[in-house]
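Results of the structural survey
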Amino acid sequence: MAQHHTGADSHGHEGHGSVKSYVIGFILSIVLTIIPLVVVLNHMMGKTATMVVILVTAVLQFIVQLFFFMHIREGDGPKWNVMTLILGVVILLTIVGGSIWIMTYNMVAH
């Protein structure tokens, strides 16, 4: 049986962010896009440091998108949403890391 909750949202959609939440997420997304752009265009760091900046800001951008726009913490089972996401990331990292390991240390190809 569905329950009707009243809130600030005039459309009756529970679990969606407020305008303030969207604006904060948008500003964070813009900042996290500009940082690596400025670093790359101005040659501010070496190759390795630039790659680290790009990867860190990409991960932060991913997190901002999940929490501010995709509402990963909201809904019927927010705990299960986060746990499923973590499992997916672990599987992804295992596949990518294993592939890099195999390509780096494959003695047949050398």
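Values in this document were obtained by computation on a predicted structure and should not be read as measured data.

**Observations concerning the UniProt feature "transmembrane region" (unreviewed entry) in the chain**
Mapped onto this structure's residue numbering, the UniProt feature "transmembrane region" (unreviewed entry) falls at residues 22–41, 48–70 and 82–104. A helix fraction of 96% and a strand fraction of 0% characterise residues 48–70, whose end C-alpha atoms lie 31 Å from each other. Helix and strand shares over residues 82–104 are 100% and 0% respectively, and the end C-alpha atoms of the span are 32 Å apart.

**Focus on the side chain of S29**
In this fold, S29 is placed in helix α1 (residues 19–41). The residues touching S29, leaving out its near neighbours within four places in the chain, are Q61, V64, Q65 and F69.

**Comments concerning a nonpolar patch on the surface**
On the surface, a nonpolar cluster with roughly 970 Å² of combined accessible area is contributed by V19, V23, F26, I27, I30, V31, I34, I35, V38, M44 and M45. Assignment of secondary structure puts I27 in helix α1.

**Topic: the environment of V23**
Mapped onto the elements, V23 comes out in helix α1. Looking at V23, the relative accessible area reads 43%, which means it is partly exposed. In the structure, V23 is positioned 45 residues away from F68 in sequence and 9.1 Å away in space, judged by C-alpha atoms.

**Describing the packing of α1 against helix α2 (residues 47–69)**
It is at 10 Å that the axes of α1 and α2 come closest, and there the two elements cross at 170 degrees. Looking at the two axes, α1 sits roughly antiparallel to α2. Taken together, the residues that form the contact of α1 with α2 break down as 15 nonpolar, eight polar and no charged.

**Here we look at α1**
The end-to-end C-alpha separation of α1 is 33 Å, in line with the 33 Å expected for 23 residues at 1.5 Å each. Listed in full, the buried residues belonging to α1 are S21, G25, S29, L32, P36 and V39. Looking at the buried side of α1, the elements it contacts are α2. With its phi angle positive at about 50 degrees, H43 sits one or two positions after the end of α1.

Analysis parameters
Residues numbered from 1 in each chain as written. Predicted model: local features only at pLDDT ≥ 70, side-chain atom pairs only at ≥ 80, totals over all residues. Heavy atoms only, no water. UniProt positions renumbered as here; feature names shortened; annotations may be inferred. Helix = DSSP H or I, 4+ residues; strand = E, 2+ residues; numbered from the N terminus. Contact = heavy atoms within 4.5 Å. Patch = residues over 30% accessible without salt bridge, like charges linked within 9 Å, V, L, I, M, F, W, Y side chains within 5 Å. Areas by Shrake-Rupley, 256 points an atom, 1.4 Å probe, with all protein chains shown as cover. Salt bridge = Lys/Arg side-chain N within 4 Å of Asp/Glu carboxyl O. Buried < 20%, exposed > 50% of the residue type's maximum accessible area, 1.4 Å probe, protein only. Axes fitted to C-alpha atoms, helices over the stretch in contact; angles between N-to-C directions. Parallel < 35°, antiparallel > 145°, perpendicular 65-115°, else oblique. Nonpolar A, V, L, I, M, F, W, Y, C, P; charged D, E, K, R; others polar. Expected span 1.5 Å × (residues − 1).

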